[in-house]
Amino acid sequence: MRKTYIFIFAGGIFLALAFLFFIVGKSTEGQGAHLYRNSDANISKINLTVFYTVPKDKMPYDFETVMASLEPALEEASAFHSLQFVDKSWIQYSIYPTVLKLERDSFFYDTEDTSRGNPNALASITEEIKDNNLIVEKKGEFTVLGIIYEGLGAAGALSEDSKLGSFILSRDFITREEYVLSRSALLYHEFGHTLGIPDLYDLDTGEAFTSDIMGGGRQEPLEANYIEISTLKEMGVL
Amino acid sequence: MMLVVGVLPILAAGGFALYSVTNSHIKSVNDIEKNLLNQKAEEVDSFIKGNLESINLYVALGDLDAEFSPAAQKTYLTNIMAVSPAIEDIYFFHPYTGEITARVARDFEPSTQALAESRAELPDFRFLRNSFDESVKDTDVFYVGPVNITPRGPEIEVAATVKNFTSSIISFVGARISLSELQNIVEASVLGETGYVYLTDSAGRVIAASSEKTTGATGVDVVGLVHKIDSPQMTLVAEWPVSEAYAVLANLRAQVVGFSFLALLAVVILSIFLANKIVRPIRALEEGTKFVAKGKFDEPVSVKTGDELEELAAAFNKMTEGLKELEKLKDEFVFIAAHELKTPVAAIKGYLSLVRDGLAGKVDDEAKQFIDKVIAANTRLVKLVEDLLEVARAEAGRIKIDVAPTDVVPVVRETLSELKPLSDEKNITLVYQPAGGIPRVLADAARVREVLVNLIGNSIKYTLGGGTVTISHEVRAGELVTNIKDTGIGISKEAQAKLFEKFYRVQTPQTAKITGTGLGLFIVKQIIEKMGGKIWFESQEGKGSTFSFSLKIV
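Residues numbered from 1 in each chain as written. Chains lettered and ligands numbered in written order. Predicted model: local features only at pLDDT ≥ 70, side-chain atom pairs only at ≥ 80, totals over all residues. Heavy atoms only, no water.

**Brief notes about the overall build of chain A**
Item 1. Along its length, chain A carries seven helices and eight strands.
Item 2. Structurally, chain A occupies a C-alpha span of about 90 × 40 × 30 Å along its principal axes.
Item 3. In chain A, the share of contacts with a sequence separation of at least 24, taken over all contacts with a separation of at least 6, comes to 63%.
Item 4. Accessible surface computed for chain A: about 12,100 Å², of which carbon and sulfur atoms make up 56%. (Helix = DSSP H or I, 4+ residues; strand = E, 2+ residues; numbered from the N terminus. Contact = heavy atoms within 4.5 Å. Areas by Shrake-Rupley, 256 points an atom, 1.4 Å probe, with all protein chains shown as cover.)

As structure tokens, this is what we get:
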């Protein structure tokens with residue numbers, strides 16, 4: 001009888017500990033970063049491939065000029081990402097070496113409502129690039145597709161299965177002088193969406209809820225920007 | 001016991017010293033860290049407050065819209081920035097709409113889009129809107145946001161109301177304050193050689209540090225202390241590697257342990273020495289008493305301690321000499337008494353025989369009976385006197401032994417022949433069948449006979465209702481052992497211990513009628529030992545006894 005009580009007591013202790021561990025949660029210490037509110041999608045290493053895409057009926061901007069602005073912006077964005085994610089996530093980027101001529105005319109990509117950053121173009125071009133097997137997916141890495149579009153664009157999205165993120169940014173934002181201070185921030189803002197981070201400003205009025213890069217900070221130089229603590233917590237960084 | 005008494009206080013004292021010094025040092029380390037953190041907290045607080053003061057504006061203007069133009073605002077902001085190097089970005093924003101009315105950034109020109117932003121949904125605006133409440137109207141209200149980590153360094157957003165000369169709120173002012181100066185503040189921390197201080201934000205991110213080693217993740221044990229700062233929420237942490245912070249304790253511990261060990265060793269050695277010094281004389285006295293108990297008065301106790309123990313030993317030796325003298329007088333008395341008694345008892349024996357034989361006249365049967373009783377009593381008296389004389393001679397060392405090569409067998413036969421009537425009377429069989437070749441022994445034949453008479457006589461006396469007395473020999477280690485074994489009443493364990501003592505006789509109902517002086521075995525032992533032999537016995541009550549003595553073989 002006494003042994004039975006001891007056994008039951010020990011079993012109870014074990015169950016309580018198991019409950020604490022598995023149900024209450026375990027420490028995220030030592031785990032890498034993950035997508036926004038999705039702890040199953042690890043983003044310790046991000047494989048970003050950027051394409052300069054031009055619709056069939058348009059002339060490409062000087063590729064070298066695009067590259068001259070794009071590369072530093074990507075470098076800044078990458079450094080910004082490492083800083084904010086406390087080295088729990090880092091970006092390995094590459095730029096497709098040539099202009100990617102799209103299969104359709106601009107009309108096709110810009111047919112739908114281009115407000116909200118032309119998400120139609122983002123989706124169509126993403127599919128086109130995938131269909132042409134231009135995306136190199138590496139095991140253990142989160143794949144992001146960056147589209148610099150010769151047209152209107154400023155959007156970012158995450159695929160339904162959370163395995164691929166893609167963003168689109170108008171080439172104007174990269175090359176035009178008026179955006180020289182904010183281009184890196186705009187690029188990272190859209191990139192942020194590929195990680196599932198939502199906008200932190202009112203899409204209709206433009207009023208920001210935060211001053212960070214997903215809110216009012218998207219208009220500011222990247223060096224003055226940051227990601228909100230609450231967002232970082234939802235991504236397993238803090 | 002002395003070890004325990006000596007060791008325990010030393011261990012206790014050492015342990016207590018170590019404990020109190022350790023506690024004191026731990027407290028000192030804690031105080032050092034605490035004072036350092038308090039100092040740094042004051043410096044941080046001073047920095048923050050100083051910058052807040054720089055945006056605590058009272059503008060000597062009336063209405064905002066009419067008189068505080070954007071151009072004037074921009075100039076105002078530029079001037080503030082010029083005197084506040086920590087301000088990276090400063091702006092006025094409308095207290096009702098949240099729109100930015102003027103903005104100056106240190107390193108860039110804000111874009112048109114940025115300038116068009118409204119702060120109406122941002123936390124600083126919502127916070128400052130509460131300052132319109134009458135209850136806080138006349139107080140200085142500041143918004144201090146959390147720490148943000150930007151590529152140009154850690155920053156905080158702050159905001160305050162702008163009032164006019166009537167303390168009416170005419171605008172809000174906001175700024176981004178660089179916290180890079182905090183790195184200088186923290187870097188100036190001194191905590192020994194290896195200690196360090198760091199500052200974290202509310203999420204635990206390091207904002208400033210005095211060393212590259214900023215967290216315990218280095219695997220080094222540290223003594224740490226934290227100080228919370230409320231606005232903005234930050235934490236100052238001091239960490240001091242134990243190897244340095246408590247180095248003095250390690251040294252002290254080693255010293256205390258070393259000293260305690262040495263003290264312990266000294267106590268042990270001293271204890272042994274003192275114990276010997278005290279115990280040895282006491283043991284000597286104890287040995288002395290044992291000799292005295294055995295009747296040996298020629299073993300004086302030697303104690304040279306120069307103290308009371310030596311005096312005690314001297315007194316003991318004096319007592320022993322007194323006892324020796326007393327013993328000598330007693331022996332002398334016994335000898336003289338026995339000697340003087342010998343003649344009269346012999347005369348009594350002689351005259352009693354004459355009277356009984358009728359030489360003094362006719363004696364009737366009844367008188368003869370009475371005379372026989374007196375003769376018997378006198379015989380016992382004669383035996384007692386002879387034994388006493390023998391004892392006295394033995395103790396005075398005057399017992400005469402003439403050893404010579406002796407054949408024991410005929411001595412035994414003669415003794416058996418002498419005692420046969422006595423054994424026949426009691427229906428006891430005397431058995432003696434010596435094997436051939438019994439070696440001769442170095443002994444006094446007469447004395448051997450005396451011994452045999454006594455031992456065989458005792459065997460016969462103490463065998464009741466028939467039995468056997470067997471005499472045998474055996475050669476053992478160069479000695480001839482003679483055994484006298486009877487089937488008598490045996491001797492109890494208590495009696496066995498005293499058997500060879502003077503005047504001791506076993507007192508039981510069975511032995512009440514057996515006569516004797518109690519000196520026989522004492523005399524036998526003296527005789528055997530004088531001849532260089534030994535005597536011993538084995539006995540079992542109710543079953544019989546075996547007395548044995550050994551004599552050296554020639």
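**Brief notes about the packing of aromatic side chains**
Item 1. Taken as a whole and judged by the stated rule, the model has 17 aromatic pairs over all chains.
Item 2. Ring centres 5.2 Å apart and planes at 25° place the aromatic pair Phe-537 of chain B and Phe-547 of chain B in the stacked group. You can see Phe-537 of chain B sitting in strand 16 (residues 534-540) and its partner Phe-547 of chain B sitting in strand 17 (residues 544-552), a full ten residues away along the chain. When sorted by exposure, Phe-537 of chain B lands in the same class as Phe-547 of chain B, which is buried.
Item 3. Feature note: the residues Phe-80, Phe-167, Tyr-188 and Phe-191 of chain A constitute an aromatic cluster, connected by ring pairs.
Item 4. The residue whose ring lies beneath Arg-104 of chain A is Phe-108 of chain A, and the NZ or CZ to ring-centre distance is 4.3 Å. (Phe/Tyr/Trp six-rings, centres within 6.5 Å; stacked < 30°, edge-to-face > 60°. Buried < 20%, exposed > 50% of the residue type's maximum accessible area, 1.4 Å probe, protein only. Lys NZ or Arg CZ within 6 Å of the ring centre and 35° of its normal.)

**Re the packing of helix 12 (residues 445-461) of chain B against helix 14 (residues 520-530) of chain B**
Residue and element names in this part refer to chain B.
Item 1. Here helix 12 crosses helix 14 at 145°, and the two axes come no closer than 10 Å. Seen from above, helix 12 lies across helix 14 with left-handed handedness. Across the interface between the two elements, Arg-447, Glu-450, Val-451, Asn-454, Leu-455 and Asn-458 from helix 12 touch Gly-520, Leu-521, Ile-523, Val-524, Ile-527 and Ile-528 from helix 14.
Item 2. Residues of the contact of helix 12 with helix 14, tallied by class, amount to seven nonpolar, three polar and two charged. (Axes fitted to C-alpha atoms, helices over the stretch in contact; angles between N-to-C directions. Left-handed = near helix turned anticlockwise from the far one by under 90°. Nonpolar A, V, L, I, M, F, W, Y, C, P; charged D, E, K, R; others polar.)

**Some thoughts on the pairing of strand 3 (residues 100-105) of chain B**
Residues and elements named next belong to chain B.
Item 1. Extensive coverage of strand 3 is indicated by the burial of five of its six residues.
Item 2. In this structure, strand 2 (residues 87-93) lies alongside strand 3, joined through five bridges in antiparallel fashion. By the bridge assignment, Phe-93 is partnered in strand 3 with Ile-100.
Item 3. Hairpin geometry of strand 2 and strand 3 is characterised by an intervening segment of six residues between the two adjacent antiparallel strands and by a positive phi of about 80° at Gly-98. (Pairing = 2+ DSSP bridges.)

**Re the side chain of Arg-119 of chain B**
All names here are of chain B.
Item 1. Within the fold, Arg-119 resides in the loop between helix 4 (112-115) and helix 5 (123-129).
Item 2. For Arg-119, a relative accessible area of 8% translates into the label buried.
Item 3. Engagement of the side chain of Arg-119 in a polar contact is seen with the side chain of Tyr-91, the distance being 3.3 Å. (Polar contact = N/O pair within 3.5 Å; in protein donor to acceptor, adjacent residues only side chain to side chain.)

**Observations regarding unusual backbone geometry**
Item 1. Of note, the amide linkage connecting Ser-231 of chain B to Pro-232 of chain B takes the cis form, showing an omega dihedral of -5°.
Item 2. Checked against the element boundaries, Pro-232 of chain B lands in the loop between strand 9 (222-229) and strand 10 (234-241).
Item 3. With a phi angle near 60°, Asp-87 of chain A is a residue other than glycine that sits in the positive phi range.
Item 4. Inspection of the secondary structure puts Asp-87 of chain A in the loop between helix 2 (63-84) and strand 4 (90-95).
Item 5. Phi angles above zero are rare outside glycine, and Asn-118 of chain A is one such case at about 60°.
Item 6. On the secondary structure map, Asn-118 of chain A appears in the loop between helix 3 (106-109) and helix 4 (119-131).
Item 7. Residue classification places Asn-118 of chain A among the buried positions, given a relative accessible area of 0%.

**Brief notes about empty space enclosed by the protein**
The gaps left among the atoms become clear once a water-sized probe is rolled over them.
Item 1. Evaluation of the coordinates by the stated rule reveals two cavities of 30 Å³ or more.
Item 2. By volume, the largest cavity amounts to about 170 Å³.
Item 3. Around the largest cavity, the lining is made up of 17 residues, and of these Ser-211, Gly-216 and Glu-220 of chain A together with Arg-103 and Arg-119 of chain B lie nearest the centre.
Item 4. If you list the elements that add at least two residues to the lining of the largest cavity, you get strand 2 and strand 3 of chain B.
Item 5. Tallied by class, the residues present in the lining of the largest cavity amount to five nonpolar, five polar and seven charged.
Item 6. Volume-wise, the second largest cavity comes out at about 30 Å³.
Item 7. Around the second largest cavity, the lining residues are Leu-48, Leu-74, Ala-77, Ile-91, Tyr-93, Leu-187 and Phe-191 of chain A.
Item 8. Among the secondary structure elements, those contributing two or more residues to the lining of the second largest cavity are helix 2, strand 4 and helix 6 (183-194) of chain A.
Item 9. For the lining of the second largest cavity, the per-class residue count stands at seven nonpolar, no polar and no charged. (1 Å grid on protein atoms, 1.4 Å probe; cavity = no way out; pocket = protein on both sides within 12 Å on 5 of 7 lines; lining within 4 Å. Points joined across faces, edges and corners; volume = space filled by probe spheres on them.)

**Considering the interface of chain A and chain B**
Item 1. Taken together, the 24 residues of chain A in the interface contact 26 residues of chain B.
Item 2. Both sides of the chain A and chain B interface together cover about 2,100 Å² of buried area, and 54% of this is carbon and sulfur.
Item 3. Here Arg-103 of chain B ties to Glu-220 of chain A by a salt bridge, and the two come within 2.7 Å at their closest N and O atoms.
Item 4. The interface formed by chain A and chain B holds six residue pairs in polar contact (both at pLDDT 80 or more) in total. (Buried area = accessible area lost by both parts, 1.4 Å probe. Salt bridge = Lys/Arg side-chain N within 4 Å of Asp/Glu carboxyl O.)

**Description of the domain arrangement of chain B**
How large an interface is tends to be reported as the accessible area lost when its parts come together.
Item 1. Under the domain assignment used here, chain B contains domain 1 (2-49 + 184-247), domain 2 (55-144 + 153-173) and domain 3 (404-552).
Item 2. Centre-to-centre, using C-alpha coordinates, domain 2 of chain B lies 134 Å away from domain 3 of chain B. (Domains from an automatic or database assignment.)

**Considering the sheet that holds strand 8 (residues 206-209) of chain B**
Paired through backbone hydrogen bonds, the strands of a sheet run either parallel or antiparallel to each other.
All names here are of chain B.
Item 1. If you walk across this open sheet you meet the four strands as 8-7-10-9, and the pairing is antiparallel. Strands at the two margins of the open sheet, each flanked by one partner only, are strand 8 and strand 9. Mean inter-strand twist for the sheet, computed between neighbouring axes without regard to direction, equals 20°.
Item 2. Relative to strand 8, strand 7 (residues 196-201) runs antiparallel, the two being bridged by three bridges. Bridge pairing links Thr-200 to Val-206 in strand 8.
Item 3. Seen against the sheet, helix 6 (residues 180-187) touches strand 7, strand 8 and strand 10 and runs at an angle of roughly 45° to strand 8.

**Considering the pattern of salt bridges**
Residue and element names in this part refer to chain B.
Item 1. Here the structure, examined in full by the defined rule, presents 33 salt bridges over all chains.
Item 2. Between Arg-356 and Asp-372 there is a salt bridge, with the nearest N and O atoms lying 2.4 Å from each other. Linking Arg-356 in helix 9 (residues 308-356) with Asp-372 in helix 10 (residues 365-395), this pair joins segments that are 16 residues apart in sequence.
Item 3. Looking at Asp-372, the relative accessible area reads 31%, which means it is partly exposed.
Item 4. Residue Glu-414 pairs with Arg-449 through a salt bridge whose shortest N-O separation is 3.0 Å. Within this pair, whereas Glu-414 is found in helix 11 (residues 408-425), its partner Arg-449 is found in helix 12, the two being separated by 35 residues in sequence.
Item 5. By relative accessible area, Arg-449 is classed as partly exposed at 27%.

**Brief notes about the packing of helix 11 of chain B against helix 12 of chain B**
Residue and element names in this part refer to chain B.
Item 1. Two elements in contact, helix 11 and helix 12, have axes separated by 9 Å at closest approach and are oriented at 35°. Crossing of helix 11 against helix 12: the hand is right-handed. Every residue of helix 12 that contacts helix 11 at Val-411, Val-412, Glu-414, Thr-415, Leu-416, Glu-418, Leu-419, Leu-422 and Ser-423 is listed here: Ala-445, Val-448, Arg-449, Leu-452, Val-453, Ile-456, Gly-457 and Ile-460.
Item 2. A class-by-class count of the residues in the contact of helix 11 with helix 12 yields eleven nonpolar, three polar and three charged.

**Considerations on helix 11 of chain B**
Residues and elements named next belong to chain B.
Item 1. Counted at 1.5 Å a residue, the expected span for helix 11 with its 18 residues is 26 Å, and the 26 Å between its end C-alpha atoms agrees.
Item 2. Considering bend angle alone, the principal kink of helix 11 is centred on Leu-419 and spans about 50°; proline Pro-421 follows within four residues of it.
Item 3. Considered for burial, the residues of helix 11 that qualify are Val-408, Val-409, Val-411, Val-412, Thr-415, Leu-416, Leu-419 and Ser-423.
Item 4. In this structure, the buried side of helix 11 is in contact with strand 11 (404-406), strand 12 (428-432), strand 13 (441-443), helix 12, strand 14 (467-476) and strand 15 (479-486).
Item 5. Of the residues flanking the start of helix 11, the one acting as N-cap is Asp-407, its side-chain oxygen 3.3 Å from the backbone nitrogen of Val-409. (Expected span 1.5 Å × (residues − 1). Bend = angle between axes of the 7 residues up to and from the residue.)

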